Amino acid sequence: MTETVNVPDLVGLCSAFGPLGSRVGPRTGRDRRTQDETEWFVVRRFLKVALREGILKAPISIQKQNPPLPDFGLQFGDTIAHLEITEATDPADQREMTAFERSGKSMMLLGEFGGRFSDGASQPGRTWASDVIDAINRKRGKAIFEKADVGRHLVIYSSSASLHQAHPS
């Protein structure tokens, strides 16, 4: 079943989405997150900002699409756009964050469970920027980069360890 969410306006965004995209599960365990869950989580937050800042106009309809199309199709009025969600990260950071979650600890030093920063991260902003550029380059040749007469948005979310050091959450 393909999910479609119809958002009447910014005020109605949360009720239009309901529980869809409201949370992302842990990396491991019985209730672990899925890619679909993560994408809906990211698109929900993107739309909140895009509507608030006037980047997109409501009412808007969002529908999950199947490859090779970008992740989501958007329709607002007569305008159609595509939205692709991608992650800026490094596999070593992901392995480290998974190991940290499995450890049961509430805090860790960056690099304690492997990852890229066992010797520290003196310039995390550069590493983060490199992760973002790598994410963009991974999408080259995909449908989101094809020339088209519809709008296209590449939404990049970061989950790299460099971001966590630069901006603790």
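Scroll up for the structure.
Residues numbered from 1 in each chain as written. Predicted model: local features only at pLDDT ≥ 70, side-chain atom pairs only at ≥ 80, totals over all residues. Heavy atoms only, no water.

A. Expanded view of the overall build of the chain. Scanning the chain for helices and strands turns up 5 helices and 5 strands. Helices and strands in the chain line up, N terminus first, as β-α-α-β-β-β-α-α-β-α. When the 169 residues of the chain are sorted by exposure, 36% land in the buried category. Total accessible area on the chain stands at roughly 10200 Å², and carbon and sulfur atoms take up 52% of it. (Helix = DSSP H or I, 4+ residues; strand = E, 2+ residues; numbered from the N terminus. Buried < 20%, exposed > 50% of the residue type's maximum accessible area, 1.4 Å probe, protein only. Areas by Shrake-Rupley, 256 points an atom, 1.4 Å probe, with all protein chains shown as cover.)

B. Layout of the nonpolar core. Counting 21 residues, the largest nonpolar core has Phe-17, Leu-47, Leu-56 and Ile-62 as the members making the most contacts within it. Taken together, the elements giving at least two residues each to this core come down to strand E1 (4–7), helix H1 (13–17), helix H2 (35–52), strand E2 (60–64), strand E3 (72–76) and strand E4 (79–88). When residues of this core are assigned to their parent elements, the largest contribution, 7 residues, is made by H2. (Core = buried A, V, L, I, M, F, W, Y, C linked by side-chain atoms within 4.5 Å.)

C. Structural view of the packing of aromatic side chains. Considering all chains together, one arrives at 2 aromatic pairs under this definition. Considering the side-chain rings of Phe-17 and Trp-40, the 6.0 Å spacing of their centres and the 75° angle between planes classify their relative orientation as edge-to-face. Of this pair, Phe-17 sits in helix H1 while Trp-40 sits in helix H2, and the two are 23 residues apart along the sequence. Like Trp-40, Phe-17 is buried. Ring centres of Trp-40 and Phe-72 lie 4.7 Å apart, and the angle between their planes is 75°; this geometry places the pair in the edge-to-face category. Of this pair, Trp-40 sits in helix H2 while Phe-72 sits in strand E3, and the two are 32 residues apart along the sequence. Considered together, Trp-40 and Phe-72 belong to a single accessibility category, that of buried residues. The ring of Phe-41 has Arg-45 lying over it, and the distance from NZ or CZ to the ring centre is 3.7 Å. Above the face of the Phe-72 ring, Lys-64 is positioned so that its terminal group lies 4.8 Å from the ring centre. (Phe/Tyr/Trp six-rings, centres within 6.5 Å; stacked < 30°, edge-to-face > 60°. Lys NZ or Arg CZ within 6 Å of the ring centre and 35° of its normal.)

D. Quick peek at the pattern of salt bridges. One pass over the full model with this rule turns up 5 salt bridges. Asp-31 is the salt-bridge partner of Arg-23, the closest N and O atoms lying 3.2 Å from each other. By relative accessible area, Arg-23 is classed as partly exposed at 41%. A salt bridge links Arg-52 to Glu-53; the shortest N-O distance between them is 3.4 Å. Taking relative accessible area as the criterion, Arg-52 reaches 48% and is therefore assigned partly exposed. On the basis of relative accessibility, which here comes to 53%, the residue Glu-53 falls in the exposed class. (Salt bridge = Lys/Arg side-chain N within 4 Å of Asp/Glu carboxyl O.)

E. Spotlight on the environment of Thr-79. In this structure, Thr-79 sits in strand E4. Looking at Thr-79, the relative accessible area reads 39%, which means it is partly exposed. As a C-alpha pair, Thr-79 and Lys-57 span 22 residues in sequence and 10.0 Å in three-dimensional space.

F. Representation of helix H3 (residues 91–103) in the model. The terminal C-alpha atoms of H3 lie 18 Å apart, and with 13 residues this matches the ideal 18 Å at 1.5 Å per residue to within 8%. Among the residues of H3, Ala-92, Asp-93, Gln-94, Glu-96, Met-97, Thr-98 and Phe-100 are the ones counted as buried. Just beyond H3, the residue with positive phi is Gly-104, at close to 80°. (Expected span 1.5 Å × (residues − 1).)

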